[in-house]
Amino acid sequence: MRLYDIAADFRRLSDMLEAAQTPEEMKQTLADTLESIEGDFEDKAENMAALIAEYTATIEGCKAEIARLTGKAARAENAIASIKSYLKAVMNMTGKKKLKAGTWTISIAKNGGKAPIVWKIIPEDIDLEAIPEKYVRRSAQLNTAAIRETLEDGGFLSFAELGERGDSLRIK
């Protein structure tokens, strides 16, 4: 089999992997297709490494585009907030609570829901011990660092044990 044919087979594999809906379908597609591609394992491994590199580049491009679009959305949200703030300020200065502007009806209305709490002290600075228990919510969390330290030092805990470290494939 020629190198061009192998590359075409791997391009088809890439297309089929992108069409797969679940990880199980991807694994089955990968196994079925690799069995049908002629060549020794080293050639297949080289092409799979190239496919991984291509997917890695795609991921990085997608993440960059997500960051760009997130920034664009944030700028649009800031623009909306600025426009609303300006419009509200002008309406308050002119004493208008409601106006009809073309196809739009613009009004200033009270917010719904519960009244906000106005803190007299910054919440992080409040001494929780000085506040009645009724007003304090406490939550307990496991101290995983202490648990790990005890287990690594040979201690026994009835509710936890150290698991086996897995392994991973690295391509350089």
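Residues numbered from 1 in each chain as written. Predicted model: local features only at pLDDT ≥ 70, side-chain atom pairs only at ≥ 80, totals over all residues. Heavy atoms only, no water.

1. Some thoughts on the overall build of the protein chain
Phase 1: On a plain count of helices and strands, the protein chain comes out with four helices and two strands.
Phase 2: Across the protein chain, helices and strands are ordered from the amino to the carboxyl terminus as α-α-α-β-β-α.
Phase 3: Taken against the 2.2 N^0.38 rule, which gives 16 Å for 172 residues, the C-alpha radius of gyration of the protein chain at 30 Å runs more than 25% over that of a compact globule.
Phase 4: Residue burial in the protein chain is summarised as follows: out of 172 residues, 11% are buried.
Phase 5: Here the analysis covers contacts within the protein chain between residues at least 6 apart in sequence; of these, 29% occur between residues at least 24 apart. (Helix = DSSP H or I, 4+ residues; strand = E, 2+ residues; numbered from the N terminus. Rg over C-alpha atoms; globule rule 2.2 N^0.38 Å. Buried < 20%, exposed > 50% of the residue type's maximum accessible area, 1.4 Å probe, protein only. Contact = heavy atoms within 4.5 Å.)

2. As for the pattern of salt bridges
Phase 1: For the structure shown, the criterion picks out two salt bridges.
Phase 2: Between Glu-65 and Arg-68 there is a salt bridge, and its shortest N-O distance comes to 2.6 Å. One end of the pair is Glu-65 and the other is Arg-68, both in helix 3 (residues 41-94) and three residues apart, which spans about a single turn.
Phase 3: By relative accessible area, Arg-68 is classed as partly exposed at 44%.
Phase 4: Ionic pairing is found between Arg-138 and Glu-133, a salt bridge with its closest N-O pair at 3.3 Å.
Phase 5: Accessibility expressed as a relative area gives 46% for Arg-138, which makes it partly exposed. (Salt bridge = Lys/Arg side-chain N within 4 Å of Asp/Glu carboxyl O.)

3. Structural notes on the nonpolar core
Phase 1: The biggest cluster of nonpolar side chains holds five residues, and these are Phe-10, Leu-13, Leu-17, Leu-34 and Leu-51.
Phase 2: For this core, the element with the most residues is helix 1 (residues 3-19), which contributes three residues.
Phase 3: The contacts of Leu-13, once residues within four sequence positions are left out, are Thr-29, Leu-30, Thr-33, Leu-34 and Leu-51. (Core = buried A, V, L, I, M, F, W, Y, C linked by side-chain atoms within 4.5 Å.)

4. Overview of the pairing of strand 1 (residues 98-101)
Phase 1: Where strand 1 and strand 2 (residues 104-107) come together, four bridges link them in antiparallel fashion. Opposite Leu-99, over in strand 2, you have Ile-106 as the bridge partner.
Phase 2: Linking strand 1 back to strand 2 in an antiparallel pair, the connection comprises two residues, with Gly-102 at a positive phi of about 65°. (Pairing = 2+ DSSP bridges.)

5. Notes on the environment of Phe-10
Phase 1: Checked against the element boundaries, Phe-10 lands in helix 1.
Phase 2: The exposure class assigned to Phe-10 is buried, which follows from its relative accessible area of 4%.
Phase 3: Measuring from C-alpha to C-alpha, the distance between Phe-10 and Ala-74 comes to 40 Å, with 64 residues separating the pair along the chain.

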